[in-house]
Amino acid sequence: MPTTGRIRLGRIGPHVFRHTTAMHLLESGVEVNVIRGWLGHVSLDTTNRYAEVNIRAKEAALKVCEAPTTTSAVLPRKPIWRDDEALLAWLASL
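Residues numbered from 1 in each chain as written. Predicted model: local features only at pLDDT ≥ 70, side-chain atom pairs only at ≥ 80, totals over all residues. Heavy atoms only, no water.

Asker: Go over the overall build of the protein chain, please, and point to the residues and values.
Answerer: Helix and strand content of the protein chain: 5 helices and 2 strands. If you list the helices and strands of the protein chain from N to C, you get β-β-α-α-α-α-α. A burial count over the protein chain gives 12% of its 94 residues as buried. The long-range fraction of contacts in the protein chain, counting pairs at least 24 apart against all pairs at least 6 apart in sequence, stands at 24%. Here the protein chain displays about 8000 Å² of accessible surface, and carbon together with sulfur accounts for 61% of that area. (Helix = DSSP H or I, 4+ residues; strand = E, 2+ residues; numbered from the N terminus. Buried < 20%, exposed > 50% of the residue type's maximum accessible area, 1.4 Å probe, protein only. Contact = heavy atoms within 4.5 Å. Areas by Shrake-Rupley, 256 points an atom, 1.4 Å probe, with all protein chains shown as cover.)

Written out as structure tokens, the structure reads:
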């Protein structure tokens, strides 16, 4: 049976359910320490394996940072962080 990493394709075991549930809880805004307790992990380092930032979390974070749109004739000012080349390079690297 083909594999990808540690998960066998075509087979769903308890680990897949735990990981999926942990990711859904994280995406719903549940604090990672609460997820740690729910999963029964002693160490937060173990839980952080589930808490890897995914593309949906990145998109949501970037959307929050966008300037509000306006329908008035006055254009909104460009946020000052958009001129910070070092910050923009760091954000692009994420």
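Asker: How would you sum up the packing of helix H1 (residues 14–27) against helix H2 (residues 32–39)? Please name residues and give values.
Answerer: Helix-helix packing is characterised by the crossing angle of the two axes and by the distance between the axes. Contact geometry for H1 and H2: axes closest at 10 Å, N-to-C directions at 155°. As far as their axial angle goes, H2 and H1 are roughly antiparallel. As for the relative orientation of H1 and H2, their crossing is right-handed in sense. Of the residues in H2, those in contact with Arg18, Thr21, Ala22, Leu25 and Leu26 of H1 are Ile35, Trp38 and Leu39. For the contact of H1 with H2, a count of residues per class yields 6 nonpolar, 1 polar and 1 charged. (Axes fitted to C-alpha atoms, helices over the stretch in contact; angles between N-to-C directions. Parallel < 35°, antiparallel > 145°, perpendicular 65-115°, else oblique. Left-handed = near helix turned anticlockwise from the far one by under 90°. Nonpolar A, V, L, I, M, F, W, Y, C, P; charged D, E, K, R; others polar.)

Asker: Residues and numbers for the side chain of His41, please.
Answerer: Its location among the elements puts His41 in the loop between H2 and helix H3 (44–48). Take His41: its relative accessible area is 11%, and that puts it in the buried class. A polar atom in the side chain of His41 sits 2.8 Å from the side chain of Thr47. (Polar contact = N/O pair within 3.5 Å; in protein donor to acceptor, adjacent residues only side chain to side chain.)

Asker: Describe H2, with residues and values.
Answerer: Along H2, the residues that are buried comprise Val32, Ile35 and Leu39. Summarising the axial view, the buried residues of H2 lie within an arc of 55°, below the 170-degree limit, and thus occupy one face. Residues of H2 that are buried make contact with H1 and H3. Structurally, the start of H2 carries an N-cap: the backbone nitrogen of Asn33 is 2.7 Å from a side-chain oxygen of Glu31. (Arc of directions from axis to C-beta.)

Asker: Break down the environment of Ala57 for me, with residues and values.
Answerer: Assignment of secondary structure puts Ala57 in helix H4 (residues 55–65). Between the C-alpha atoms of Ala57 and Glu27, which are 30 residues apart in sequence, the distance is 7.1 Å.

Asker: I'd like a rundown of the side chain of Thr47, residues and numbers included.
Answerer: Its location among the elements puts Thr47 in helix H3. What makes Thr47 buried here is its relative accessible area of 1%. Sequence-distant contacts of Thr47, that is, excluding residues within four places in its chain, are made with Val32, Ile35, Arg36, Leu39 and His41.

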